[in-house]
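Fold and contact review
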Amino acid sequence: MSSTETNNKTKLMVLSALLAAMIFLSVAYLFHIPVGANAGYVHLGDAFIYLAAVLLPRPYAFAAAAIGAGFADIATGSAIWAIPTMIIKPILVPFFTNKSEKIITKRNVLATIYAGILGTVLYMIAEGIMIGSMKAAFVLSLMSFVQPVGSAIVFVIIGLAFDKINIKEKYKL
């Protein structure tokens, strides 16, 4: 492996770890609002999962999403959600593209809608399995639509700021 390849892998691993930490903090502590059954909560961490999806190659974004959000569940006393989270959050990544020079593209804005809907539905299914009632899970998950809307707004704001300073070009992401 050449020195350039090693430096690129190191840069990707460091950025992945940084984004996993940002996901962890935003899920666990920043704007963390408890709701629903099974110690569920609403957060803005998905915004940083979306950011990982547009800045990193998919395998790295998958890892950042799973590790950051999964460990946040464990750290906040919601360990029952860690396994579903570590499965669901990486599933949101493929809606986005990191192939564009810009973060905020039509595809990535639409991806926030698709990822938000799918994430909410997958958590509803997980909650239905946990509490033994899909009907109750559906009712409980209606409030969860606040999370993807808030995360989409935060993602767009951060993405526009990053695009303004050409972060992808500046750091060759």
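Check the entry above for the structure.
Only a predicted model underlies this, so the values are computations on that prediction, with no experimental measurement involved.

Positionally, Asn 8 belongs in helix α1 (residues 3–28). Separated by 164 residues in the primary sequence, Asn 8 and Lys 172 place their C-alpha atoms 9.5 Å from one another.

What follows covers helix α5 (residues 106–131). The end-to-end C-alpha distance of α5 is 38 Å, a good match for the 38 Å that 26 residues give at a rise of 1.5 Å each. Among the residues of α5, those classed as buried are Asn 108, Ala 111, Thr 112, Ala 115, Gly 116, Gly 119, Thr 120, Tyr 123, Met 124, Ala 126, Glu 127 and Gly 128. Downstream of α5 by one or two residues, Gly 132 has phi in the positive range, about 80°.

Let us now look at the packing of α1 against helix α3 (residues 58–75). Where α1 contacts α3, the two axes come as close as 8 Å, and the packing angle between them is 35°. The two elements α1 and α3 meet at a crossing, and its hand is right-handed. When α1 is examined against α3, the residues Lys 9, Leu 12, Met 13, Ser 16, Leu 19, Ala 20, Ile 23, Phe 24, Val 27 and Ala 28 are found in contact with a partner set consisting of Tyr 60, Ala 64, Ala 65, Ile 67, Gly 68, Ala 69, Phe 71, Ala 72 and Ala 75. Looking at the contact of α1 with α3 residue by residue, the class counts come to 16 nonpolar, 2 polar and 1 charged.

Our focus in this paragraph is the nonpolar core. Ranked by internal contacts, the top residues of the largest apolar core, which has 32 residues, are Leu 19, Leu 51, Phe 96, Ile 103 and Phe 155. Elements that contribute at least two residues to this core include exactly α1, α2 (46–55), α3, α5 and α7 (146–164). Looking at this core, the element that brings in the most residues is α2, giving 9 residues. When near neighbours in sequence (up to four residues on either side) are disregarded, Leu 19 contacts Phe 48, Leu 51, Ala 52, Leu 55, Leu 56 and Ala 64.

Thresholds, definitions, all that
Residues numbered from 1 in each chain as written. Predicted model: local features only at pLDDT ≥ 70, side-chain atom pairs only at ≥ 80, totals over all residues. Heavy atoms only, no water. Helix = DSSP H or I, 4+ residues; strand = E, 2+ residues; numbered from the N terminus. Expected span 1.5 Å × (residues − 1). Buried < 20%, exposed > 50% of the residue type's maximum accessible area, 1.4 Å probe, protein only. Axes fitted to C-alpha atoms, helices over the stretch in contact; angles between N-to-C directions. Left-handed = near helix turned anticlockwise from the far one by under 90°. Contact = heavy atoms within 4.5 Å. Nonpolar A, V, L, I, M, F, W, Y, C, P; charged D, E, K, R; others polar. Core = buried A, V, L, I, M, F, W, Y, C linked by side-chain atoms within 4.5 Å.

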